Amino acid sequence: MINYSFSLLTFEYFLLILVRISCFVSVAPFFGMQNTPGRVKIGVSVFISLLLYQIVPRESLGYTGIVGYSIIVVKEGITGLLIGFAANICNSIILLAGNLLDMNIGFSMATEYNPQMQTQASVSANFYNYLVLLLLIVTNMHHYILRAVADSYQLIPVNGQVFQWDALMQGMVTYMINAFVLAFRIILPVFACIMILNSILGVMAKVSPQMNMFAVGMQLKVLAGLIVMFLTIGLFLNVSDFIFDEMKRTIVSMIKGMYES
């Protein structure tokens, strides 16, 4: 039987844990989706906070007055938001790849609302995004994300944040570089096929200028793009590995930027 006893000092410590976890859950992938009920997010945050309350070492906070406690609350909220944001932002890699793919095959004008990123995304981007989300659940990557925020208390205890803004900025710059590289690697088969098709259409336009290559090319690009997507869908497991590795690296870089080694 588990007994929880709270005093005024321990309860304010529990609230600080709850602030970090709830901010993390609100923006983390899978947990922070817009179609996830608010009660579920609150329940998950409280349950995880109760579990961590038993294992997180309780040290002296060392604050004076309400203003001092409010500053600690803000620091804990920023810590949870940065860890969750580091995991969630990696979904933009697959959205970027899908948008670039649709620009090549002609689907860029057809957009749908993506509730996870709260933005308009192309059809292929939404399709790939839901595949990555499904693989995230199947591979238990959401467990890794939870372990990351739980293990962050070993390096960043409550009120132990030391924000190194240069390191955080360097981590974001590295992510932006890797995002474009990974997105282009994802769409490389389709891009190469469309480039060859454009070269063939350009030669045919010179050979027989009476043919309307614009009308023919649009249909051929859609057909060739869908065929290549169908043939390369089996490689999507490797694509998810690239995204999940980048997600791990970004989370680690964010955590390293919030404590003094």
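From a predicted model like this one, the values you see are computed outputs, not experimental measurements.

1. Focus on the overall build of the protein chain
Item 1. In terms of regular secondary structure, the protein chain is built from ten helices and two strands.
Item 2. Listed N to C, the secondary structure of the protein chain is α-α-α-α-β-β-α-α-α-α-α-α in terms of helices and strands.
Item 3. Against the 2.2 N^0.38 benchmark of 18 Å for 261 residues, the protein chain shows a C-alpha radius of gyration of 23 Å, more extended than a compact globule.
Item 4. For the protein chain, the spread of C-alpha atoms along the principal axes amounts to about 85 × 40 × 30 Å.
Item 5. Across the 261 residues in the protein chain, those meeting the buried criterion constitute 43%.
Item 6. Sequence-distant contacts, at least 24 apart, represent 82% of the contacts inside the protein chain between residues at least 6 apart.
Item 7. Summed over its atoms, the accessible surface of the protein chain is roughly 14,200 Å², and 69% of this surface lies on carbon and sulfur atoms.
Item 8. Here the protein chain carries 12 positive and 11 negative side-chain charges, and the mean point of each set is 6 Å from the other.

2. Comments concerning the packing of helix 7 (residues 165–186) against helix 10 (residues 236–256)
Item 1. Their axes nearest at 10 Å, the elements helix 7 and helix 10 cross at an angle of 175 degrees. Between helix 7 and helix 10, the angle falls in the class roughly antiparallel. Residues Leu168, Gly171, Met172, Thr174, Tyr175, Asn178, Leu182, Arg185 and Ile186 of helix 7 form the contact with helix 10, whose participating residues are Val239, Phe242, Ile243, Glu246, Arg249, Thr250, Ser253 and Met254.
Item 2. Of the residues that constitute the contact of helix 7 with helix 10, the class distribution is nine nonpolar, five polar and three charged.

3. Overview of the packing of aromatic side chains
Item 1. Counting across every chain of the model gives seven aromatic pairs.
Item 2. A centroid spacing of 5.2 Å and a plane angle of 70 degrees characterise the contact between Phe30 and Phe31, whose relative ring orientation is edge-to-face.
Item 3. Phe30 sits in the partly exposed class, given a relative accessible area of 28%.
Item 4. Look at Phe31 and you get buried, because its relative accessible area is 11%.
Item 5. Over the ring of Tyr153 we find Arg20; its NZ or CZ atom is 4.1 Å from the centre of that ring.
Item 6. Sitting above the plane of the Tyr144 ring, Lys248 keeps its charged end 5.1 Å from the centroid.

4. Quick word on the state of the cysteines
Item 1. With the rule as written, the count across this model stands at zero disulfides.
Item 2. There is no disulfide at Cys23, and the cysteine sulfur nearest it, in Cys90, is 19 Å away.

5. Topic: the side chain of Asp102
Item 1. Considering the arrangement of structural elements, one finds Asp102 in helix 4 (residues 91–105).
Item 2. Buried Asp102, no salt bridge; nearest opposite-charge side chain is Lys221, N-O distance 13 Å.

6. Details of the nonpolar core
Item 1. Ranked by internal contacts, the top residues of the largest apolar core, which has 62 residues, are Ile17, Ile21, Ile94, Ile186, Met247 and Ile251.
Item 2. With eight residues, the top contributor of residues to this core is helix 10.
Item 3. Once residues lying within four places of it in the same chain are set aside, the contact partners of Ile17 are Ser49, Leu52, Tyr53, Val56, Tyr153 and Val158.

7. As for helix 5 (residues 123–138)
Item 1. Given a rise of 1.5 Å per residue, 16 residues ought to cover 22 Å, and the 23 Å separating the end C-alpha atoms of helix 5 matches this to within 8%.
Item 2. By the burial criterion, the buried members of helix 5 are Ser124, Ala125, Asn126, Tyr128, Asn129, Val132, Leu133, Leu135 and Leu136.
Item 3. In this fold, the buried residues of helix 5 make contact with helix 4, strand 1 (111–114), strand 2 (119–122), helix 6 (141–155), helix 9 (213–231) and helix 10.

8. Brief notes about the pattern of salt bridges
Item 1. Tallied over the entire structure, the rule returns two salt bridges.
Item 2. With a closest N to O distance of 2.8 Å, Arg20 and Glu76 form a salt bridge. Here Arg20 is found in helix 1 (residues 8–27), whereas its partner Glu76 is found in helix 3 (residues 65–88), with 56 residues between them in sequence.
Item 3. Under the relative-accessibility criterion, Arg20 is labelled buried at 0%.
Item 4. With relative accessibility at 0%, the residue Glu76 sits in the buried group.

9. A word on the environment of Arg39
Item 1. Relative to the assigned elements, Arg39 resides in helix 2 (residues 38–55).
Item 2. The exposed category is assigned to Arg39, whose relative accessible area is 77%.
Item 3. In this structure, the C-alpha to C-alpha distance between Arg39 and His143, residues 104 residues apart in sequence, is 20 Å.

10. Some points on unusual backbone geometry
Item 1. The backbone of Asn140 sits at a positive phi, close to 60 degrees, despite the residue not being glycine.
Item 2. By the secondary structure assignment, Asn140 is in the loop between helix 5 and helix 6.
Item 3. A positive phi angle is found at Asn159, which is not glycine, with a value near 65 degrees.
Item 4. With a relative accessible area of 26%, Asn159 lands in the partly exposed category.

What counts, and at which threshold
- Residues numbered from 1 in each chain as written.
- Predicted model: local features only at pLDDT ≥ 70, side-chain atom pairs only at ≥ 80, totals over all residues.
- Heavy atoms only, no water.
- Helix = DSSP H or I, 4+ residues; strand = E, 2+ residues; numbered from the N terminus.
- Rg over C-alpha atoms; globule rule 2.2 N^0.38 Å.
- Buried < 20%, exposed > 50% of the residue type's maximum accessible area, 1.4 Å probe, protein only.
- Contact = heavy atoms within 4.5 Å.
- Areas by Shrake-Rupley, 256 points an atom, 1.4 Å probe, with all protein chains shown as cover.
- Lys, Arg positive; Asp, Glu negative; His and termini not counted.
- Charge placed at Lys NZ, Arg CZ, Asp CG, Glu CD.
- Axes fitted to C-alpha atoms, helices over the stretch in contact; angles between N-to-C directions.
- Parallel < 35°, antiparallel > 145°, perpendicular 65-115°, else oblique.
- Nonpolar A, V, L, I, M, F, W, Y, C, P; charged D, E, K, R; others polar.
- Phe/Tyr/Trp six-rings, centres within 6.5 Å; stacked < 30°, edge-to-face > 60°.
- Lys NZ or Arg CZ within 6 Å of the ring centre and 35° of its normal.
- Disulfide = S-S within 2.5 Å.
- Salt bridge = Lys/Arg side-chain N within 4 Å of Asp/Glu carboxyl O.
- Core = buried A, V, L, I, M, F, W, Y, C linked by side-chain atoms within 4.5 Å.
- Expected span 1.5 Å × (residues − 1).

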